[in-house]
Amino acid sequence: LLDTHERSRADVTVAVTPVSEQQVPSLGIMRTAADGRIVEFVEKPTDPETIARLRTPGLPGGCTHLASMGIYLIRRERLAALLEREHATDFGKHVIPMAIREDHVQSHLFTGYWEDIGTIRAFYEANLALARPDPPFDLYDAEHRFYTRQRHLPPTRYLGESRVSDSLIADGCTIERCTIEGSVIGIRTRVREGARIENSIVFGHDHYRDPCDGNRPLEIGAGAVIRRAIIDKNVSIGAGARLINAEGVLEAETDLVRIRDGILCVPKGKVIPAGTVI
């Protein structure tokens with residue numbers, strides 16, 4: 001990226017990646033000249049004529065358009081000048097289109113792993129993909145090391161016989177005679193006996209017990225079932241609760257949960273009473 005920026009003597013360089021036409025309405029799409037200079041940028045286009053005009057021929061893998069990855073390299077003085085504009089509050093909607101009109105804006109093509117996680121479904125699918133046996137991004141590549149925040153937590157322990165498959169389990173968890181399939185389990189999560197977690201993301205907890213609520217344990221209770229869900233931080237789920245969206249609702253909102261794109265989401269700090277069925 002830096003090499004492209006310096007060789008082209010650009011004011012702004014935007015990292016771009018090939019995408020399919022189906023992805024176009026959710027991304028910033030651009031049209032480039034033969035030398036890679038960006039000549040047009042449209043944020044999340046939906047008009048068929050605009051989408052057709054922005055097509056880039058010859059892209060790999062059946063892709064049709066170039067999308068911004070949201071990664072920019074900008075000369076310091078130009079960045080300051082662009083951000084001083086009163087209405088410049090968003091890079092995709094304001095800063096980059098303005099820079100294209102006034103400056104040399106270059107594209108840098110990247111064809112490696114990248115996912116946009118701007119929607120609940122995209123965030124959900126990108127995280128669970130990393131737990132598959134054939135993940136699209138290798139967290140264990142010795143050539144490109146992946147560092148997490150150091151928290152000095154104890155190792156995760158498994159009490160009795162549990163069934164855990166195709167999942168990522170963070171530090172400091174306690175897994176008690178339960179089933180976890182195709183899921184991502186965050187730090188300090190305690191899963192009680194008989195619970196079942198399927199294709200879900202559990203953010204975990206900041207503490208093992210809730211310091212704001214009578215030192216109540218933060219856990220997924222015995223016999224609870226969680227399916228196709230995102231459980232935010234510091235959520236306590238009572239014994240026997242069933243968070244499964246059995247009716248396949250696409251969009252909904254209650255005091256306890258939100259459903260977006262059919263994915264059941266429990267906001268941060270919520271307490272799901274024992275026996276709750278959603």
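Conventions used here
- Residues numbered from 1 in each chain as written.
- Predicted model: local features only at pLDDT ≥ 70, side-chain atom pairs only at ≥ 80, totals over all residues.
- Heavy atoms only, no water.
- Helix = DSSP H or I, 4+ residues; strand = E, 2+ residues; numbered from the N terminus.
- Buried < 20%, exposed > 50% of the residue type's maximum accessible area, 1.4 Å probe, protein only.
- Areas by Shrake-Rupley, 256 points an atom, 1.4 Å probe, with all protein chains shown as cover.
- Lys, Arg positive; Asp, Glu negative; His and termini not counted.
- Charge placed at Lys NZ, Arg CZ, Asp CG, Glu CD.
- Pairing = 2+ DSSP bridges.
- Salt bridge = Lys/Arg side-chain N within 4 Å of Asp/Glu carboxyl O.

J.: I'm lost on the overall build of the chain in this one. Help?
T.: The helix and strand inventory of the chain stands at 5 helices and 24 strands. Along the longest, intermediate and shortest principal axes, the C-alpha atoms of the chain span 60 × 40 × 40 Å. Looking at the chain residue by residue over its 278 residues, the buried ones come to 41%. If you sum the accessible surface of the chain, you get close to 15,300 Å²; carbon and sulfur atoms cover 49% of it. Of the side-chain charges in the chain, 35 are positive and 39 negative, and the distance between the mean point of each set is 3 Å.

J.: Explain the sheet that holds strand β13 (residues 196-198) to me, please; I cannot follow it from the model alone.
T.: Each strand in a sheet pairs with another by means of backbone hydrogen bonds, the pair being arranged parallel or else antiparallel. In space, the 5 strands of this open sheet follow the order β7-β10-β13-β17-β20, with parallel pairing throughout. Strands at the two margins of the open sheet, each flanked by one partner only, are β7 (163-165) and β20 (242-243). Direction of pairing for strand β17 (residues 225-227) relative to β20: parallel, over a ladder of 2 bridges. Counterpart to Val225 in the pairing with β20 is Arg242.

J.: Even after reading the chapter, I still don't get the pattern of salt bridges, so can you show me in this structure?
T.: Should their charged atoms come close, side chains of opposite charge can pair. Applying the stated criterion across every chain yields a total of 22 salt bridges. For the salt bridge of Lys233 with Asp206, the shortest nitrogen-to-oxygen distance reads 2.8 Å. With Lys233 in the loop between β18 (229-231) and β19 (236-237) and Asp206 in the loop between β14 (201-202) and β15 (209-210), this residue pair connects regions lying 27 residues apart in the sequence. For Asp206, a relative accessible area of 31% corresponds to the partly exposed category. Each of the salt bridges in this network shares a partner with another, and the network as a whole consists of Arg163, Glu181, Arg196, Glu198 and Arg227.

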